[in-house]
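Structural overview
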Amino acid sequence: MAQQVSEKQARQVAEDARESDWKQPSFGKELFMGNLRLDLIHPQPKLDPEAVEKGEAFLSRLKDFLQNEVDPAQIERDARIPEQVIEGLKEIGALGMKVPEEYGGIGLSQVYYNRALMLVGGWHAALSTLLSAHQSIGLAEPLLLFGSQEQKLEWLPKVARTHVSAFLLTEPDVGSDPARLATTATPTEDGSGYDLAGRKLWATNGAIADVVVVMAKVPREDRAQPAEPAASPKGEGNRGGISAFILPYDAEGVTVEHRNEFMGLKGIENSVTLLENVRVPKENLIGREGDGLKIALTTLNTGRLALPAICVGTSKWAVKVAREFASERVQWGQAVGKHDAVAQKIAYLAASAFGMEAMLDVSSRLADDKKNDFRIEAAIAKLFASETGWKVTDELMQIRGGRGYETAASLAARGEKAVPVEQAMRDMRINRIFEGSTEIMHLLIAREAVDSHLQVAGDILDEDTEIKAKARAAVGAGKFYAAWLPGLVSGAGQRPGSFDEFGDLAKHLRFTERAARKQARSLFYGMSRWQAKLERRQAFLGRIVDIGAELFAISSAVVYANTIASERPERADQARELADLFCAQSRRRVDRLFHDLWRNEDDANHAAALKVLDGDYRFIEEGIIDPSGDGPMIAEPPAEAHEAEQGSNGAFADAGAQRGAKATVA
Ligand SMILES: Cc1cc2nc3c(=O)[nH]c(=O)nc-3n(C[C@H](O)[C@H](O)[C@H](O)COP(=O)(O)OP(=O)(O)OC[C@H]3O[C@@H](n4cnc5c(N)ncnc54)[C@H](O)[C@@H]3O)c2cc1C
């Protein structure tokens, strides 16, 4: 049964899962404090020649495989990835792209792993989703980061070559809020392991997986006493809490109940999975009890870079399609791309593709270099690329007109090039929802952005702190702010000639430096005004984060243009032109965000939303019929749901029919 969890408890669970310390410098953290530390991302680390050679060789193998052996139209038509394609991916080593060679993988760098996903995602998004779920959040990454040597030796060679993996966190009642997690892991009487029970929703690869990572809650109380204390999972790690387990999917009690279908990503093997008293040995616990969410979040630090890579790929493709179509299609006397309204869109596509690629390249090289804490940069890359990628795809559809809305199969059937724009749009939309929805990414990044403030003024910002403690905290905070605030008044951005090594692009860095200080001041004003209530001002915080994201994007675009100039001199001028364009567009967005920080309808909107939720304004719903039918909005929790199913041929009744379900089907 899902727990009833207060907002405060939910926040505490998220807080406990955070990496609380900053062992390495962070460009993003400094930026939100008003400090443009360009030295942390410029010059970009050089790519290791060996990694490049290995990466290029793999990309070429992958490209051959995709072009010669995978028919993306067939995947779309059948909503299935054919068995031989999955086998082919295994054969070329695609399952082990990120697994080090010593464990049987290919050991690609982050830069090349991303390039591989970009390539695959452009061919069909179901393929990149399979590979990304398997490697970015599936078993390999958590084991590399937190697994024991025994676990690595046993499982990494398997997931690198033969075993498809999945990540099972979400439940019908657990989406963005893991504190409600209802799946349990009960220590066994003899202390040799745990019994897992619960229902997991939307697990990508979950309908065909060989092994999965499951998040389940170990109860903190009423623990059975072990017969053999030495063999018990109790002991040093016996803390209870949400924990991560390796679960071989052929274990007794695992039932794939349903293969979910979506608006896009046709062909992904996404499951509802029931766990009924599934026994796992204690050796399958990853890390310690209670570490589950920390493992999930830390895994996502790098895992999150996969998704922007896929968005960058789609955006590059959008530029290609726009160029080819809008130069050929003539209406009203000239190519549609030359009509100003369409030209504006094409420029947005090209500049955005460049800006997104720059952000991805900067973040990925940081990940490979391992000298910086890049959690904020990776999170921003996910947020920015998923939002921008969606707008890019939408504009591409507009540029293609009716052809954008028509399916590729229909286009081909009447003799035109099978350009799958409507599919790209369907595939792109989910990126704003999974691996941290945009709203949750705003909160997550805002939390990191205010971390320095919380360290000095946390008690003032905590609703529960007593007045006396607040007063004491104010003294300490006063000292910090007396030193920090004056530093936000002036900086390099006001000095003509600063950042001159970047030539014409220097003006954008001067803007960024000024804007970083302004953003830090704005955040401080917000903290002063709303204090503990700041965390409820999600629209305000969202804009602060979006400003930070744009500033990171501008910095990345300038730095990346410089990198291109040194690595590919023949492209230097065009790279600078695109960087210039991207920065100009981004600056306009920043200005708008600053404006909206203090001039907006946030309060009126919030009040109206509460009225809507209360049932006011119901007249606005008149004159329609709702095709949704009856049924609960959220499926019932496992016990009740299962009972209900016995008599009712319920929502999961088609379970047994699913091809590829490896587990026992009830
Ligand atoms: C195709 C697909 C594949 C997936 N793959 C996996 C997978 O492999 N493994 C897995 O475990 N899960 C997977 N998921 C689940 C996915 O991660 C969740 O959909 C996501 O976490 C959001 O949860 P939810 O859909 O329940 O939204 P909810 O949490 O119900 O949120 C609904 C809305 O409220 C917003 N919201 C929620 N809380 C807050 C808040 N505190 N403040 C502001 N806004 C808030 C959300 O942003 C969203 O807009 C997948 C989902 C899909 C659709």
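This paragraph deals with the overall build of the protein. Secondary structure assignment for the protein yields 24 helices and ten strands. For 666 residues, the compact-globule formula gives about 26 Å, and the C-alpha radius of gyration of the protein, at 26 Å, lands near that figure. Dimensions of the protein, computed from C-alpha atoms along their principal axes, come out at roughly 75 × 75 × 65 Å. A separation threshold of at least 6 residues defines the contact pool for the protein, and within that pool the share at least 24 residues apart is 77%.

This part takes up the nonpolar core. Val212, Phe245 and Ala557 are the most contacted members of the largest nonpolar core, which has 168 residues in total. The dominant element in this core, judged by the number of residues it contributes, is helix α21 (residues 538-567), at 16 residues. The contact partners of Ala557, leaving out residues within four places of it in the chain, are Phe354, Gly355, Ala358, Ala579, Phe582 and Cys583.

A word on the site of the ligand. Residues in contact with the ligand amount to 22 residues; listed here are only the nearest, Thr170, Gly175, Ser176, Ser437 and Glu439. Only β1 (165-168), β3 (193-204) and α17 (438-449) provide two or more residues apiece to the shell around the ligand. Among the residues forming the shell around the ligand, the class breakdown is 14 nonpolar, seven polar and one charged. Viewed by domain, the shell around the ligand spans two of them, domain 2 (166-288) and domain 3 (301-445), each represented by three or more residues.

This next bit is on the pairing of strand β4 (residues 211-218). Counting buried positions along β4 gives eight out of eight residues, so the element sits mostly inside the fold. Residues Val211, Val213, Met215 and Lys217 line one face of β4 and the alternating positions Val212, Val214, Ala216 and Val218 line the opposite face, and both faces are buried. As paired strands, β1 and β4 are joined by four bridges and run parallel to one another. Note on β4: the bridge partner recorded for Phe167 is Val213. Sheet topology note: the β4/strand β5 (residues 241-248) ladder contains eight bridges and is antiparallel. When the sheet's bridge partners are listed, Val213 is paired in β5 with Ile246.

Owing to its 3.6 residues per turn, the α-helix brings residues three or four apart onto one side. Its 13 residues give helix α23 (residues 602-614) an end-to-end C-alpha distance of 18 Å, which sits within 8% of 18 Å, the value for a rise of 1.5 Å per residue. Looking one or two residues past α23, Gly615 carries a phi angle of roughly 100°, positive in sign.

This next bit is on the packing of helix α20 (residues 506-530) against helix α22 (residues 572-598). Across the interface, α20 lies against α22 with an axial gap of 12 Å and an inter-helix angle of 20°. When the axis of α20 is compared with that of α22, the two are roughly parallel. Crossing hand, α20 versus α22: left-handed. When α20 is examined against α22, the residues His508, Phe511, Ala515, Lys518 and Ser522 are found in contact with a partner set consisting of Cys583, Arg587, Val590, Phe594 and Leu597. Classifying every residue of the contact of α20 with α22 by side-chain character gives six nonpolar, two polar and two charged.

This part is about the packing of helix α13 (residues 375-400) against α21. Running from N to C, α13 and α21 point in directions that differ by 100°, and their axes come no closer than 10 Å. One finds that α13 runs roughly perpendicular with respect to α21. Every residue of α21 that contacts α13 at Glu377, Ile380, Leu383 and Phe384 is listed here: Gly548, Ala549, Phe552 and Ala553. Classifying every residue of the contact of α13 with α21 by side-chain character gives six nonpolar, one polar and one charged.

Below, the discussion takes up unusual backbone geometry. Cis geometry marks the peptide bond from His42 to Pro43; its omega dihedral reads -5°. One can find Pro43 in the loop between α2 (27-32) and α3 (49-69). In this model, Glu435 sits at a positive phi of 55°, which is unusual for a non-glycine residue. Here Glu435 is to be found in the loop between α16 (421-429) and α17. C-beta crowding within 10 Å serves as the criterion here: with 20 such atoms nearby, Glu435 is assigned to the buried category.

Mapped onto the elements, Arg576 comes out in helix α22. Judged by the 20 C-beta atoms lying within 10 Å of it, Arg576 falls in the buried class. On a C-alpha basis, the gap between Arg576 and Gln84 in space is 44 Å, while along the polypeptide they are 492 residues apart. Arg576 has contacts with Asp504, Leu505 and Ala561, leaving out every residue within four places of it along the chain.

Of the two faces of strand β2 (residues 184-187), only one is covered, namely that formed by Ala185 and Pro187; the face formed by Thr184 and Thr186 stays uncovered. With antiparallel pairing between neighbouring strands as the criterion, β2 and β3 make up a hairpin whose turn holds five residues, including Gly191 at a positive phi of roughly 75°.

Our focus in this paragraph is the confidence of the model for the protein. In low-pLDDT regions, the fine details of the predicted coordinates are not to be read closely. Across the protein, the average pLDDT comes to 90, with 92% of residues at 70 or higher. In the predicted structure, residues 223-232 sits below a pLDDT of 50 and forms 18 contacts with residues beyond four places in sequence or in another chain.

With respect to the secondary-structure elements, Leu196 resides in strand β3. Among the residues examined, Leu196 registers 25 C-beta atoms within 10 Å and is labelled buried. Taking the C-alpha atoms as reference, Leu196 lies 39 Å from Gly28; in sequence the two are 168 residues apart. With residues up to four places along the chain from it excluded, the contact list for Leu196 reads Thr183, Ala185, Val214, Ala216, Phe245, Leu247, Leu275, Val278 and Val280.

Once that is clear, we can look at the environment of Met527. Residue position: Met527 is located in helix α20. When the C-alpha positions of Met527 and Ala457 are compared, they lie 9.9 Å apart, and in sequence the two are 70 residues distant.

Conventions adopted
Throughout, a residue's number is its position along its own chain's written sequence, starting from 1. It should be noted that, the model being predicted, local features are given only for residues of pLDDT at least 70 and side-chain atom pairs only at 80 or more, the latter also being counted only at that level, while totals for whole chains, interfaces and linings use all residues. In this description a helix means any DSSP run of H or I spanning at least four residues, a strand means any run of E spanning at least two, and both kinds are numbered starting from the N terminus. What the globule rule says is 2.2 Å times the number of residues to the power 0.38, and the radius of gyration is computed from C-alpha atoms. Here contacts are defined at the residue level, using C-beta atoms placed from the backbone and a cut-off of 7 Å between them. The term nonpolar core refers to a set of buried Ala, Val, Leu, Ile, Met, Phe, Trp, Tyr and Cys residues connected through C-beta atoms within 7 Å. Any residue surrounded by 20 or more other C-beta atoms within 10 Å of its C-beta is treated as buried, while 12 or fewer makes it exposed and the intermediate range makes it partly exposed; C-beta atoms here are placed from the backbone. In this entry, near means the residue's backbone-placed C-beta atom lies within 6 Å of the molecule or strand. The residue classification treats Ala, Val, Leu, Ile, Met, Phe, Trp, Tyr, Cys and Pro as nonpolar and Asp, Glu, Lys and Arg as charged. All others, Gly included, are polar. Note: domain ranges come from an automatic or database domain assignment. Here a strand pair is declared whenever DSSP counts at least two bridges between the two strands. Under the convention used throughout, the expected extent of a helix is 1.5 Å for every residue step, that is, one less than its residue count. Only the stretch in contact is used when a helix axis is fitted, and all axes are lines through C-alpha atoms; the angle between N-to-C directions ranges over 0 to 180 degrees. If an angle is under 35 degrees, it is roughly parallel; if it is over 145, roughly antiparallel; if it lies from 65 to 115, roughly perpendicular; otherwise it is oblique. If you view the pair so one helix is near and one far, a crossing is left-handed when the near helix is turned anticlockwise from the far one by less than a right angle, and right-handed when it is turned clockwise. One number per residue, pLDDT, summarises how confident the predictor is, and it ranges from 0 to 100.

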